[in-house]
Amino acid sequence: MFVIKIAGLNIKIHNKYNFVEQLCKDYIIKEDNVDLDISATDEEIDIEYKECNYEYSKEYCESTCIYRNICSKIVFKNRFFFHASVVEVDGQSYAFSAKSGTGKSTHTSLWLKKFKKRARIINGDKPIMEIKDNKLIAYGTPWCGKEGLNINTSSPIKAICFIERDKKNSIKKIEEIEIIDRLIGQLEFPKEKENIEKLIDLLDWVIKNIPFYVLRCNISRKAVKVAYKGMNAKEIK
């Protein structure tokens, strides 16, 4: 058992295996007051173990179940999980989402090469988002994809962008119907009806207040320029 602080919340983790504690080592705090108590049952772990065709250990499966349970409960604290790679430039972040294998992590890594010290990756795959003070805030989490890219920090989201592979680079702003269609596949929906309803309320705010784009690109440094320019309406120097 240990306590972590992610997305501004103190979360007590009741673990069976050491794997999840090692995964969360940079987020562990000493704190008695907690906002959430999270655990994974043997049944949940076994189901996850079978669904991954026994490819991963039960230790790893426990960590997956614990994060899923965290994501289910945080909706009532104005937070939600979003499958994306979040890169920050000059204090503002851009969330890139895509189907697995499209290259979102590769694309955001090119932002680091382009902007160098001006840029950093907040989370490479599984950030938590919070609606706070009329802003959308992205948080690093220990759950961050195979590259392990994450920072225990937060950053305001300027825009959200869905990536598609193409030979040419182009970006366009999209509206509500297309946003919903693309967004659904990149979320973790809770099982409980009231939790789902709360998540939908949060997403409604995000759709109405955050600009969404589609970037069709060839995963090159030129694609970074097209994306940044398209989401900032100014030239890169």
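Please read these numbers as outputs of a predicted model, since none were measured by experiment. (Residues numbered from 1 in each chain as written. Predicted model: local features only at pLDDT ≥ 70, side-chain atom pairs only at ≥ 80, totals over all residues. Heavy atoms only, no water.)

A. Just the overall build of the protein chain, in detail. A count of helical and extended segments in the protein chain gives seven helices and 13 strands. Overall, the C-alpha framework of the protein chain stretches about 50 × 35 × 30 Å when taken along its three principal axes. Per-residue burial over the protein chain gives 48% buried out of 237 residues. Summed over all atoms, the accessible surface of the protein chain reaches about 12500 Å², with 46% contributed by carbon and sulfur. (Helix = DSSP H or I, 4+ residues; strand = E, 2+ residues; numbered from the N terminus. Buried < 20%, exposed > 50% of the residue type's maximum accessible area, 1.4 Å probe, protein only. Areas by Shrake-Rupley, 256 points an atom, 1.4 Å probe, with all protein chains shown as cover.)

B. Fine view of the state of the cysteines. Under the criterion given, the structure shown has zero disulfides. The thiol of Cys 65 is unpaired, and the distance to the nearest cysteine sulfur, on Cys 61, comes to 6.6 Å. Summary of cysteine pairing: Cys 217 is not part of a disulfide, and the nearest cysteine sulfur, belonging to Cys 161, is at 7.9 Å. A relative accessible area of 0% places Cys 217 in the buried class. (Disulfide = S-S within 2.5 Å.)

C. Structural context of the packing of helix 2 (residues 42–51) against helix 3 (residues 58–73). Between helix 2 and helix 3, whose axes approach to 9 Å, the crossing angle comes to 115°. Judged on the interaxial angle alone, helix 3 and helix 2 are roughly perpendicular. For the element pair helix 2 and helix 3, the recorded crossing hand is right-handed. Along the contact surface, helix 2 presents Glu 44, Ile 45, Asp 46, Glu 48 and Tyr 49, while helix 3 presents Lys 58, Cys 61, Glu 62, Thr 64, Cys 65, Arg 68 and Asn 69. (Axes fitted to C-alpha atoms, helices over the stretch in contact; angles between N-to-C directions. Parallel < 35°, antiparallel > 145°, perpendicular 65-115°, else oblique. Left-handed = near helix turned anticlockwise from the far one by under 90°. Contact = heavy atoms within 4.5 Å.)

D. Structural detail: the sheet that holds strand 3 (residues 28–29). Strand order across the open sheet formed by four strands is 3-1-2-4, with mixed pairing between neighbours. In the strand order of this sheet, the two ends are held by strand 3 and strand 4 (36–39), each with one partner. The strands touched by helix 3 are strand 1 (2–6), strand 2 (9–14) and strand 4; relative to strand 4, the strand with the most contacts, the crossing angle is about 145°. (Pairing = 2+ DSSP bridges.)

E. Molecular detail of the pattern of salt bridges. Inspection of the entire model under this criterion finds 14 salt bridges. Of the charged contacts, one joins Arg 120 and Glu 88 as a salt bridge, the two residues approaching to 2.7 Å between their closest N and O atoms. Residue Arg 120 is located in strand 8 (residues 119–123), and its partner Glu 88 is located in strand 6 (residues 85–89); the two are separated by 32 residues in the primary sequence. As a salt-bridge pair, Asp 125 and Lys 126 come within 2.5 Å of each other at their nearest N and O atoms. Classification of Asp 125 by relative accessible area gives buried; the value is 9%. Classification of Lys 126 as partly exposed rests on a relative accessible area of 27%. What you see here is one network of salt bridges that share partners, running through Glu 164, Lys 172, Glu 178, Arg 182 and Arg 216. (Salt bridge = Lys/Arg side-chain N within 4 Å of Asp/Glu carboxyl O.)

F. Inspection of a nonpolar patch on the surface at higher detail. Residues Ile 180, Ile 184, Phe 189 and Ile 200 make up a contiguous nonpolar surface patch of roughly 330 Å² in combined accessible area. With respect to the helices, strands and loops of the structure, Ile 184 is situated in the loop between helix 5 (176–183) and helix 6 (193–209). On the basis of relative accessibility, which here comes to 47%, the residue Ile 184 falls in the partly exposed class. (Patch = residues over 30% accessible without salt bridge, like charges linked within 9 Å, V, L, I, M, F, W, Y side chains within 5 Å.)

G. Structural detail: unusual backbone geometry. One non-glycine residue, Asn 53, lies in positive phi territory at about 55°. Checked against the element boundaries, Asn 53 lands in the loop between helix 2 and helix 3.

H. Region of the structure containing the side chain of Asn 15. Here Asn 15 shows up in the loop between strand 2 and helix 1 (19–23). There is a polar contact of 3.0 Å between the side chain of Asn 15 and the backbone nitrogen of Met 1. Only 2.8 Å separates the side chain of Asn 15 from the backbone oxygen of Tyr 17, close enough to count as a polar contact. Every residue in contact with Asn 15, bar those within four places of it in the chain, is listed here: Met 1, Phe 2, Val 20, Glu 21 and Glu 62. (Polar contact = N/O pair within 3.5 Å; in protein donor to acceptor, adjacent residues only side chain to side chain.)

I. Broad picture of the side chain of Asn 69. Turning to its location among the elements, Asn 69 is positioned in helix 3. One polar contact links the side chain of Asn 69 to the main-chain carbonyl oxygen of Ser 39, over a distance of 2.8 Å. Not counting the four nearest positions on each side in its chain, Asn 69 is found in contact with Ile 38, Ser 39, Ala 40 and Glu 44.

J. Broad picture of the pairing of strand 7 (residues 92–97). Where burial is concerned, most of strand 7 is hidden: five out of the six residues are buried. Strand direction decides the pairing type here: strand 6 and strand 7, joined by five bridges, are antiparallel. Counted as the bridge partner of Glu 88 is Ser 93 from strand 7. Both strand 7 and strand 11 (residues 154–165) contribute to a ladder of five bridges, which runs parallel. Directly across from Ser 93, in strand 11, lies its bridge partner Ile 157.

Remember that the coordinates give geometry; whether it matters functionally is a separate question.
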